[in-house]
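Residues per chain are reported as follows:
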Amino acid sequence: MKPLVIFIALGIALGIALALAACGKADPPAPAPAPATDAGPLRIGVTLHPYYAWTANVIAGVPGMEVTNVLPGEVDAGSYQPSPGDIAKIAKLDVLVVNGIGHDDFIGDMVKSSGNTRLVTIAVNEGTPLLAGGHGEAKNSHTFISFTNAIQQTRLIARRLGELRPQHADKLRANAAAYADRLRGLLGTASQQLAKAKVKKVVTVHDGYAYLLQELGITLGGVVQPSHGLIPSAKELGEMIDLMKKEAVTVVLTEEDFPDKLLAPLREATAARVYVIGHVATGAYTPQKFEVEMRTNADTLVKALVTDPE
Amino acid sequence: MSTHVAEQAVPVRTVEVRSPSPAREAGQVIRAVLHIVFWSAALLGASWKHAQRDAAAGKAGATPADEVAFRDLASDDQRIYRNALEGLVEAEDARSRDKAWPTVEALAARRIPPFAPDPLDRGAYAWKRLEAGGLVNYVGTPGASGHPTFLVVALEPQPGEPADPQAVVDETHHRLADGTMIHVSIWIGGASPGAPIAQPAYEDGWRRVTMGTR
């Protein structure tokens, strides 16, 4: 037997053994971050657009704090491929605000590659109750498409930044409170209008709207995509049509990029009306983006469930 | 010349190195593979046994009888629970600033859920605050049938009680802005109490809601 063959055989066996040993083991908890020093500017990075908006509002007018995006604006986190330039950005950060439950899993390797060992991570979902995914998965990572979660996670960001810069804790907390008040205003206005909804059950293309729908009292009848980002098969579309007919669902909420040719059968078979709900996932990073896009989402829901059925 | 003599003085020894027979070599590979598989199986077995023991002790997976996981609540109840978490954080903020737990009316005036009027509230909840010393309850009693009572509990340390420097902020431990660590919990299912309670009883129908999805 050739030495190369032996080497390959041992390699395969070792690989299988390691894979077996890894099966069933939970991910180890992330190590506790080293505290940032209480001096100098605090450079805060974010992985997702909403986190940029929330952090920017929390640190507004606070000296020595700045927020920057790690990912380019035009790229959705779901299709993102890390680049050397983005890893270099992480090397210069003091704090990183992350989703941490599946929406930015790429970030761990990027942080390791950056060599930044003093980075403090704020995992915004650490105090957020998680809904199940659209097809029974343990957790739905789209917690950021929600007014309620945005308020609580903004509060968390302010609290954690205040621990790093205690001299600014009161200002950070006041900023978070003011931002929360504005978001509650948007949610309250939408709630008043949706209380008159004639349609209370919808089907969504994507499983990212569960938190928003729940806080607006709307029932989620089903999710078209078999899993996040996957195109449904003809069989799955057929099952969704059956479900919509059976439960008399007449409204489908879709995302911007979902192929219209896949929506056509739903429309034709059920006469459903289709509306686009945004993800706050691409475009320029601005402090206003979350409020602007979520107001549009709320207005769209009012149109779909209150105005158009009249 | 001298080099030539030296070469002659050291006789060249020829050794024939034979490779093992194919059967022997295959045997060595199989032995190595068996070792790897055996020790991996031993490791997996130990992990599995440990997990079984934890499950039997209620440490993982199973929810203890006096608790209910957020994921297992009805959607309307999940919505109230999420609102109650938001309300609790805002009440803690007010407690930090004003040195007193806010009234339901004060929270409602700031449009803070679940205390503020909510046009989408199917349970028609009415909220009240109960307080005694460092113990405060916010109780949500449904006006519509088929909805459970909610109870938010916050318990401050006794005056003079030393702070635990190792205490970690988590689902049941929150830190106020002045550094005070408090115990917090949200309960569901019992009858609306007339006086504040720190530890609602299972026998009275109460279940503590746990986030429990990670």
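Residues numbered from 1 in each chain as written. Chains lettered and ligands numbered in written order. Predicted model: local features only at pLDDT ≥ 70, side-chain atom pairs only at ≥ 80, totals over all residues.

**As for the domain arrangement of chain A**
Residue and element names in this part refer to chain A.
Here comes step 1: Here the domain parsing of chain A yields domain 1 (42-187) and domain 2 (194-307).
Here comes step 2: In this assembly, 31 residues from domain 1 lie in contact with 27 residues from domain 2.
Here comes step 3: At the level of secondary structure, the elements contributing two or more residues to the side of domain 1 that touches domain 2 comprise α2 (49-58), α5 (147-164) and α6 (169-194).
Here comes step 4: Here the side of domain 1 that touches domain 2 gets seven residues from one element, more than from any other, and that element is α2.
Here comes step 5: Partitioning the side of domain 1 that touches domain 2 into residue classes produces 14 nonpolar, 14 polar and three charged. (Domains from an automatic or database assignment. Contact = placed C-beta atoms within 7 Å. Helix = DSSP H or I, 4+ residues; strand = E, 2+ residues; numbered from the N terminus. Nonpolar A, V, L, I, M, F, W, Y, C, P; charged D, E, K, R; others polar.)

**Quick notes on the sheet that holds strand β3 (residues 95-98) of chain A**
Residues and elements named next belong to chain A.
Here comes step 1: With parallel pairing, the four strands of this open sheet are ordered in space as β2-β1-β3-β4. The open sheet terminates on both sides in strands that have one partner only, identified here as β2 (65-69) and β4 (120-123). Direction aside, the axes of adjacent strands within the sheet are offset by 25° on average.
Here comes step 2: Packed onto the sheet, α5 meets β1 (42-46), β3 and β4 and runs at close to 160° relative to β4. (Pairing = 2+ DSSP bridges. Axes fitted to C-alpha atoms, helices over the stretch in contact; angles between N-to-C directions.)

**Brief notes about the environment of Leu 73 of chain B**
All names here are of chain B.
Here comes step 1: Within the secondary structure, Leu 73 is located in the loop between β1 (67-69) and α3 (75-98).
Here comes step 2: On the neighbour-count criterion, Leu 73 (18 C-beta atoms within 10 Å) is partly exposed.
Here comes step 3: The spacing of Leu 73 and Ser 21 is 52 residues in sequence and 67 Å in space, taken between C-alpha atoms.
Here comes step 4: Beyond its immediate chain neighbours, meaning those up to four positions away, Leu 73 contacts Val 68, Gln 78, Tyr 81 and Val 209. (Buried ≥ 20, exposed ≤ 12 C-beta atoms within 10 Å, placed from the backbone.)

**A word on the packing of α2 of chain A against α5 of chain A**
Residues and elements named next belong to chain A.
Here comes step 1: In contact at an axis separation of 10 Å, α2 and α5 are set at 55° when each is read in the N-to-C sense. Between α2 and α5, the angle falls in the class oblique. Crossing of α2 over α5 shows right-handed handedness. Touching Pro 50, Trp 54, Thr 55 and Val 58 of α2 are Ala 150, Gln 153, Thr 154, Ile 157, Ala 158 and Leu 161, all from α5.
Here comes step 2: Split into classes, the residues belonging to the contact of α2 with α5 amount to seven nonpolar, three polar and no charged. (Parallel < 35°, antiparallel > 145°, perpendicular 65-115°, else oblique. Left-handed = near helix turned anticlockwise from the far one by under 90°.)

**Quick notes on the confidence of the model for chain B**
Residue and element names in this part refer to chain B.
Here comes step 1: Confidence along chain B averages 87 in pLDDT terms, with 86% of residues attaining 70 or more.
Here comes step 2: Note that pLDDT drops below 50 for residues 55-60; the model gives that stretch seven contacts with residues more than four away or on any other chain.
Here comes step 3: Of the two predicted TM-score estimates for the complex, the pTM is 0.81 and the ipTM is 0.85. (pLDDT = per-residue confidence, 0-100.)

**Section: the sheet that holds strand β7 (residues 251-254) of chain A**
Residue and element names in this part refer to chain A.
Here comes step 1: Spatial ordering of the open sheet is given by β6-β5-β7-β8, a layout of four strands whose pairing is parallel. The sheet is open, and its two edges are formed by β6 (219-223) and β8 (273-276), each paired on a single side. For this sheet, the mean inter-axis angle between neighbouring strands, taken without regard to orientation, is 30°.
Here comes step 2: For β7 and β8, the ladder comprises four bridges, and the chain directions are parallel. Across the sheet, the residue bridging to Leu 253 is Tyr 275, located in β8.
Here comes step 3: On the sheet, helix α10 (residues 289-307) packs against β7 and β8 and is oriented at approximately 170° with respect to β8.

**So, the nonpolar core**
Here comes step 1: Core analysis: the biggest nonpolar cluster contains 77 residues, and Ile 44, Val 46, Val 58, Val 95, Val 97 and Ile 157 of chain A have the highest contact counts within it.
Here comes step 2: With residues up to four places along the chain from it excluded, the contact list for Val 97 of chain A reads Ile 44, Val 46, Tyr 51, Thr 55, Ile 122, Val 124 and Ile 157 of chain A.
Here comes step 3: Residues Val 152, Ala 154, Ile 186 and Ile 188 of chain B belong to the second largest nonpolar core, which totals 28 residues. (Core = buried A, V, L, I, M, F, W, Y, C linked by C-beta atoms within 7 Å.)

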